[in-house]
Amino acid sequence: MTSDAQGPEELGSEDQPFHFTDKRKVTPEGRPKEAAPEGAAGSAGNDAEQDPLAGLDFEPTGFDGDDTVDPALLAAQSEAAAHLDALQRERASFTNYRNRSLRDQEAARVKGVEDVLAALLPVLDDIDRARQHGELDGPFVAISDKLDASLAKFGVERYGVVGEEFDPTVHEALMHQVDPEATSATVNMVIEPGYRIGEKIVRAARVSVVGPE
C-alpha cells in the first residue's frame, strides 16, 4: 500500500530548500532597510520604487484615515496648556505681592525712623546750639558724635550751612536781609538745621537769608 503524502525528507531536502523573503522596507525598529545588492533574488528592484511603508505588517497608531490627531492627545495638551497658564498667572501674582510687601516694609521703616527723629528734634536743636556757642565740651562731645553716627545709620542727614544758595523747597526763611551787591539769595545764618531721610524732608532748615531787593 502506497501513500501520496510527502515525508519530512522531501520537504526539507537539500534539492528544494525552504526560502523566506522579507519584503518590508523598514526594520522592526522603524529604520529604513538598506537597498538590496544588484542581482539579488526576489523583486527588490520593483519594491524599491514602492511606498517604504507598504511592507509594514502593522497600522500606525494615533492617527485615523485622514491624519487627524488622537482626541485624547488633544485633550491632554489642552489641559497641560491650561495648567501652565494658571501657573504663570500665579507666579506673576506672587511677584507683584512680594514687591508690594517690600515697598510697604520700607515705607514702614522710614515712617518709624521719621517718628523717632521728630521726637528727638528738640534735643538735637539744644545740642546744636551748644555746639555753636562753644558750650559743648568734655564727654558731651563724644555723646553728640555717637548720636549723629547712630542717626546716620538710619539714613538721617542734617543739612543747612552758611553760604549755600537759598532753596525754598528745603529752606524756611525766618529772616531776610537786603544786600544791593547780592546777585542771588543765600543763607547767612542757620537758626535751626534741617533734617531729611533720603529725599524726604522731615524738617526744613530754618535760616536767615540775604539777597537783592
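Our structure's up above, just so we're on the same page.
Values in this document were obtained by computation on a predicted structure and should not be read as measured data. (Residues numbered from 1 in each chain as written. Predicted model: local features only at pLDDT ≥ 70, side-chain atom pairs only at ≥ 80, totals over all residues. Heavy atoms only, no water.)

### Section: the nonpolar core
In plain terms, the rule: Among the buried residues, those of types Ala, Val, Leu, Ile, Met, Phe, Trp, Tyr and Cys that are joined through side-chain atoms within 4.5 Å form a nonpolar core. Only protein chains enter the accessibility calculation, which uses a 1.4 Å probe; a residue is then buried when its area is under 20% of its type maximum, exposed when over 50%, and partly exposed in between. Working definition: helices are DSSP H or I runs of at least four residues, strands are E runs of at least two. Numbering for both runs from the N terminus. We call two residues in contact whenever any of their non-hydrogen atoms come within 4.5 Å of each other.
By size, the foremost hydrophobic cluster in this structure holds nine residues: Val110, Val113, Leu117, Leu121, Leu124, Leu151, Val156, Tyr195 and Ile197. When contributions to this core are tallied by element, the ones reaching two or more residues are helix H3 (71-132) and strand S4 (194-197). Looking at this core element by element, the count peaks at five residues for H3. Contact partners of Leu151, with chain neighbours within four places excluded, come to Leu120, Leu124 and Val156. Tyr159, Val170, Val187 and Val209 belong to the second-largest nonpolar core, a separate cluster that totals seven residues.

### What about empty space enclosed by the protein?
Remark: the empty space left among the atoms is shown by a probe the size of a water molecule rolled over them. Rules: For cavity detection a 1 Å grid was placed over the protein atoms alone, and a set of points counts as a cavity when a 1.4 Å probe fits there but cannot get out; an open set counts as a pocket when protein lies on both sides within 12 Å along at least five of seven lines, with lining residues being those that have an atom within 4 Å of a point. Grid points are joined across faces, edges and corners, and a volume is the space filled by probe spheres set on the points. Gly counts as polar in this scheme, as do all residues outside two lists: the nonpolar Ala, Val, Leu, Ile, Met, Phe, Trp, Tyr, Cys and Pro, and the charged Asp, Glu, Lys and Arg.
Applying the stated criterion to the full structure yields one cavity of 30 Å³ or more. Within this model, the largest cavity holds a volume of roughly 50 Å³. Sort the elements by how many residues they give to the lining of the largest cavity and H3 lands first, with four residues. Residues of the lining of the largest cavity, tallied by class, amount to four nonpolar, one polar and four charged.

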